Amino acid sequence: MSQKIKKILIANRGEIALRVIRACRELGIASVAVYSDADRASLHVAHADEAYRLGPAPARESYLRGDLILDVARQCGAEAIHPGYGFLSENADFAAACEAAGVRFIGPAASAMRMLGSKTRARQTADAAGLPRVPGSVQALASVEEARAVAKRTGYPIMLKAAAGGGGKGMRAVRAEAELAEAFTTARSEAERAFGNGDVYIEKLIENPRHIEVQVLADHHGHCVYLGERECSVQRRHQKVIEEAPSAVVDADLRRRMGETAVTLAQTAGYTNAGTVEFLVDQERNFYFLEMNTRLQVEHPVTELVTGLDLVHLQIRIAEDQPLPFTQAEVHLRGHAIECRIYAEDPDNNFFPSPGTITRLVQASGPGIREDCGIYEGWTVPLDYDPILSKLVAYAPTREAAIDRMLRALGEYHVGGIACNLGLFRRILQDKDFRSANIHTGYLERLLAEPAAAPQQAVVAEVAAIAAGVFELGQQPASSAPAAENGSSSNWKSAARQEMLRR
Ligand code: MV4
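Every chain's residues receive numbers from 1 upward, in the order its sequence appears when written. Two thresholds apply to this predicted model, a pLDDT of at least 70 for residue-level local features and 80 or more for giving and counting side-chain atom pairs, whereas whole-chain, interface and lining totals are computed over all residues. To get the side-chain values, take all heavy atoms of the structure and skip hydrogens and water.

Asks: Before we move on, can you summarise the sheet that holds strand 4 (residues 80–82) with the specific residues and values?
Replies: Pairing in this open sheet of five strands is parallel, and the strands run 3-2-1-4-5 from one edge to the other. Only two strands of the sheet have a single neighbouring strand rather than two, namely strand 3 (50–55) and strand 5 (104–105). Should DSSP find at least two bridges between two strands, the strands are regarded as paired. By the criteria applied, helices consist of DSSP H or I runs no shorter than four residues and strands consist of E runs no shorter than two, each listed in order from the N terminus. As defined by bridge partners, strand 4 adjoins strand 5 across two bridges and the pair is classed as parallel. Its bridge partner being in strand 5, Ile81 is matched across the sheet by Phe105.

See the structure below:
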């Protein structure tokens with residue numbers, strides 16, 4: 001029954017393309033990269049066994065051209081396509097086109113994607129399975145009168161959400177009936193503009209929730225397991241900034257209940273391969289199904305580290321029709337993992353994207369550090385795509401040790417030539433509320449509204465150390481510099497840092 005895959009086309013770019021290429025190499029599977037004109041010199045092209053140009057830089061002329069990607073797959077004889085995340089990864093029409101072309105889409109069937117793609121459909125699926133979801137409507141609202149009736153029944157405050165939405169787009173909080181009519185009209189037109197679908201529905205507003213998601217894996221033999229949760233509450237403008245596994249507020253009983261809920265949803269939708277069920281968790285630790293992401297997620301490494309599993313290997317094995325090689329009872333969580341999403345954006349300039357050439361790159365490594373990235377010194381970050389540079393992940397026996405390990409790794413890391421958000425992570429990881437896991441979805445915006453005292457002091461100390469080094473070097477010939485090899489007074493360290501920052 002199982003069908004070995006010998007060649008996989010990776011319909012993506014950057015770090016996730018490289019992540020999949022690495023899994024292919026480990027499994028003895030040939031890898032095929034595709035690239036746009038902006039990515040000729042990108043690492044995924046260099047690392048793949050074969051690479052084919054798709055088109056110009058804009059995604060809609062390259063990485064979103066499912067037709068061209070399928071042409072390449074047919075030409076080069078790839079039996080499967082891994083979509084990564086973003087781009088075509090949650091496009092049910094593309095999954096269906098792959099199925100029709102006899103190319104395996106490494107993800108769920110198009111039919112399962114459709115059952116979970118629209119948020120109202122997903123809520124109906126949750127109801128069919130009898131799962132806890134955020135209270136409200138499960139169908140698009142036909143009129144403002146209907147909205148008023150549903151909102152009254154649900155109880156204010158409520159949220160108007162776009163059925164076709166996700167990631168916070170087309171979302172509106174309504175605190176009282178007087179605001180409803182206007183919010184309904186603007187939410188509809190926003191949704192129409194953003195998604196070409198103006199359908200909106202109502203959810204009860206959960207105050208200060210946590211965003212916690214459960215990883216599931218399902219094979220084509222009726223087995224489905226959950227691999228614990230990821231805490232993703234540290235976000236800015238609906239962009240995740242830090243993710244961790246496990247969540248500090250989830251105990252064994254809550255984990256089992258959320259996990260079983262996620263598995264039931266996946267089974268109800270006929271879901272296969274890797275997927276993520278998102279929940280909101282309120283201050284009383286009630287959990288509510290929010291939506292399901294039908295792809296491998298950016299933050300999958302934290303789950304890999306605490307479970308010891310390779311999710312991309314497993315995705316490929318599932319696509320080969322192999323049964324899951326373990327049962328739920330054999331899944332064990334161990335230790336704590338934290339991921340920082342390093343972006344080419346400037347925290348001191350309203351997080352404005354900062355594409356450009358990386359003139360200097362010093363990466364972190366050492367015990368418990370994993371880095372998934374697709375960057376190198378001399379590479380130019382294109383302005384055409386999401387400006388993620390790297391995912392830096394720390395793993396340690398406890399949450400506190402993982403935080404300290406991440407701070408150590410951040411201290412080693414340096415990117416020259418472009419702005420990046422490294423300093424932001426120092427600030428979060430040193431924050432008292434973050435360290436005590438006192439976080440929710442509004443946590444980061446609130447932290448950013450405060451003056452940044454601590455990290456600025458850290459920078460001042462760093463600059464002072466460099467200045468001291470420069471002064472000392474000016475005072476004596478290099479050959480007579482004292483041979484101190486550690487500590488902040490080392491001339492070697494100061495000189496090296498000065499050289500590093502100069503470039
Ligand atoms: C909510 C909510 C409170 N109540 N829904 C934002 C993105 C989208 N995936 C869901 N979002 C929210 N939905 C109800 N009924 C609060 C948020 C929310 C949020 C959720 C996850 C992560 C960060 C967030 C930041 C602000 C609001």
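Having put the structure on the table, let's press on.
Asks: Break down empty space enclosed by the protein for me, citing the residues and quoting the values.
Replies: Cavities and pockets are found on a 1 Å grid laid over the protein atoms alone: a cavity is a set of points where a 1.4 Å probe fits but cannot escape, a pocket is an open set with protein on both sides within 12 Å along at least five of seven lines, and a lining residue has an atom within 4 Å of such a point. Grid points are joined across faces, edges and corners, and a volume is the space filled by probe spheres set on the points. Taken as a whole and judged by the stated rule, the model has three cavities of 30 Å³ or more. What lines the largest cavity is simply His82, Pro83, Gly84, Ser89, Ile106, Gly107, Pro108, Ala274, Thr294, Arg295, Leu296 and Gln315. The classification used treats Ala, Val, Leu, Ile, Met, Phe, Trp, Tyr, Cys and Pro as nonpolar, Asp, Glu, Lys and Arg as charged, and all other residues, Gly among them, as polar. Looking at side-chain class alone, the lining of the largest cavity contains five nonpolar, six polar and one charged residues. These domain boundaries are the output of an automatic or database domain assignment. Two domains each donate at least three residues to the lining of the largest cavity, and these are domain 1 (7–106) and domain 3 (210–449). The computed volume of the second largest cavity comes to approximately 40 Å³. Lining the second largest cavity are Arg13, Gly14, Leu18, Ser42, Leu43, His44, Gly374 and Trp379.

Asks: Give me the lowdown on helix 11 (residues 311–319), citing residues and values where you can.
Replies: For the α-helix, the turn length of 3.6 residues means that residues three or four positions removed from each other point alike. Buried, partly exposed and exposed residues are distinguished by accessible area as a fraction of the type maximum, computed with a 1.4 Å probe on protein chains only: under 20%, between the cut-offs, and over 50%, respectively. Most of helix 11 is tucked away, with eight of its nine residues classed as buried. Taken residue by residue, helix 11 has Leu311, Val312, His313, Leu314, Gln315, Ile316, Ile318 and Ala319 as its buried positions. Two or three places before Val312, at the start of helix 11, stands the capping residue Asp310, its side-chain oxygen 3.0 Å from that residue's backbone nitrogen. Asp321 occupies a position one or two residues after helix 11 and carries a positive phi of about 70 degrees. We call two N or O atoms a polar contact when they sit within 3.5 Å, provided that within protein one can donate a hydrogen and the other can accept it, with sequence-adjacent residues counted only if both atoms are side-chain atoms.

Asks: Go over the site of the ligand with me, naming the residues and quoting the values.
Replies: Taken together, 16 residues are adjacent to the ligand, and Lys161, Glu203, Lys204, Ile206 and Gln235 come closest. Residue Glu291 places a side-chain N or O atom 3.5 Å away from a nitrogen atom belonging to the ligand. A total of 520 Å² of accessible area belongs to the ligand in isolation, and the protein chains cover 90% of it. Looking at the shell around the ligand, the elements that each hand over two or more residues are strand 6 (158–162), strand 8 (200–204) and strand 13 (287–293). By convention in these notes, a residue is near a molecule or strand provided one of its non-hydrogen atoms lies within 4 Å of it. For every accessible area listed, the method is Shrake-Rupley and the probe measures 1.4 Å; residues are considered covered only by the protein chains on display.

Asks: Which residues make up the sheet that holds strand 7 (residues 172–174), and what are the values?
Replies: The strand order 7-6-8 describes an open sheet built from three strands, whose pairing is antiparallel. Since the sheet does not close on itself, it has two edges, and those belong to strand 7 and strand 8, each with one partner. Here the strands of the sheet are splayed against their neighbours by 30 degrees on average, with no regard to which way each runs. With five bridges joining them, strand 6 and strand 8 adopt antiparallel strand pairing. By the bridge assignment, Lys161 is partnered in strand 8 with Tyr201. Sheet contacts for helix 6 (residues 119–128): strand 6 and strand 8; angle to strand 8, the most-contacted strand, approximately 50 degrees. Lying on the sheet, helix 8 (residues 180–195) is in contact with strand 6, strand 7 and strand 8; it crosses strand 6 at an angle near 25 degrees. Helix axes are fitted to C-alpha atoms over the stretch in contact, other axes to C-alpha atoms as well, and angles between N-to-C directions run from 0 to 180 degrees. Should any heavy atoms of two residues lie within 4.5 Å, those residues are counted as being in contact.

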